[in-house]
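# Chains, contacts and geometry: an overview
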Amino acid sequence: MFLTSGYNMSYSPMNMPDMSQFDNVFVDPAAYAAFQTTGTWPDKTVMVLEPRQGQQKGSINQEGRFQTDRLGLEVHVKDTARFAGGWAFFAFGRAEDPGQLVPTTAACYSCHAAHAAVDTTFVQFYPILKPIAAARGTFSAAYLHDEAGTH
């Protein structure tokens, strides 16, 4: 299931003027259905982040940007029996390469724990799920703290 597409999103204040990247987020249909009911992710949820290069001029397009080449693939898996903390990240390079488990010391784990809206996932950026989490009261304390500081 398609959740959202972000454009040139960055979690650090670095200025990257030449950046042109779309991030598409998908989740397996069973997890999506469960989230709609509960406002949180069931065990065995698989989320996929697909970064794609953005391009401005091409074919008949003169303004705006569109997506082109895939730049990799990141997978976020919830498996409470296999992974400490319940979730793990996997990084894929080329489509034919096997995914590599991202070490738990990588910054993505601490950032997701400190800022994710629901169950270490960035539901705050998924417009079709954020209202469900709000209605179910499943926002994390960390996310609510972040929101209080930005308003």
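The rules behind these values
Going along each chain's sequence as written, the residues are numbered from 1 onward. Totals for whole chains, interfaces and linings use all residues, but because this is a predicted model, local features are given only for residues with pLDDT of at least 70 and pairs of side-chain atoms are given and counted only at 80 or more. Note that water and hydrogens are dropped before the side-chain values are worked out from all heavy atoms of the structure. Secondary structure elements are defined from DSSP: runs of H or I of at least 4 residues count as helices, runs of E of at least 2 residues count as strands, and each element is numbered from the N terminus. Atoms considered for the radius of gyration are the C-alpha atoms alone. The globule rule reads 2.2 Å times the number of residues to the power 0.38. Three labels apply to residues, based on accessible area from a 1.4 Å probe with only protein chains included: buried if under 20% of the type maximum, exposed if over 50%, partly exposed otherwise in between. Each Phe, Tyr or Trp ring, with Trp reduced to its six-membered ring, pairs with another whose centre is within 6.5 Å; inter-plane angles below 30 degrees give stacked pairs, above 60 give edge-to-face pairs, and intermediate values give tilted ones. What makes a salt bridge here is a side-chain nitrogen of Lys or Arg within 4 Å of a carboxyl oxygen of Asp or Glu, nothing more. We call a set of buried residues a nonpolar core when its members are Ala, Val, Leu, Ile, Met, Phe, Trp, Tyr or Cys and they connect through side-chain atoms within 4.5 Å of each other. Here, two residues are considered to be in contact whenever any of their heavy atoms come within 4.5 Å of each other.

Bringing the overall build of the protein chain into the picture now. Along the backbone of the protein chain there are four helices and seven strands. Counting from the amino terminus, helix and strand elements in the protein chain follow one another as β-β-α-β-β-β-β-β-α-α-α. The C-alpha radius of gyration computed for the protein chain amounts to 16 Å, which stays within 12% of the reference 15 Å derived for 151 residues, consistent with globular compactness. In terms of overall dimensions, the protein chain has C-alpha extents of about 45 × 40 × 30 Å along its principal axes. Within the span of the protein chain, comprising 151 residues, buried residues form 33% of the whole.

A separate point is the packing of aromatic side chains. In total, this model carries six aromatic pairs according to the counting rule given. Both rings, one in Phe35 and one in Trp41, keep their centres 4.4 Å apart while their planes meet at 40 degrees; by these two values the pair is tilted.

Using the criterion set out here, one finds four salt bridges in the structure. Residues Lys44 and Asp43 are paired through a salt bridge, measuring 3.1 Å at the closest nitrogen-oxygen approach. Among the salt bridges present, the one from Lys78 reaches Asp119, with a minimum N-O distance of 2.6 Å. Pair noted here: Lys78 is in strand S5 (residues 73-78) and Asp119 is in the loop between helix H2 (107-115) and helix H3 (130-136), with a separation of 41 residues, a long-range link. For Lys78, a relative accessible area of 12% corresponds to the buried category. What makes Asp119 partly exposed here is its relative accessible area of 22%.

Glancing now at the nonpolar core. Leu3, Phe35, Trp41, Met47, Val123, Tyr126 and Leu129 are the most contacted members of the largest nonpolar core, which totals 20 residues. Taken together, the elements giving at least two residues each to this core come down to strand S2 (21-27), helix H1 (29-38) and H3. The leading source of residues in this core is H1, at three residues. Sequence-distant contacts of Phe35, that is, excluding residues within four places in its chain, are made with Thr40, Trp41, Val118, Val123, Leu129, Ile132 and Ala133.

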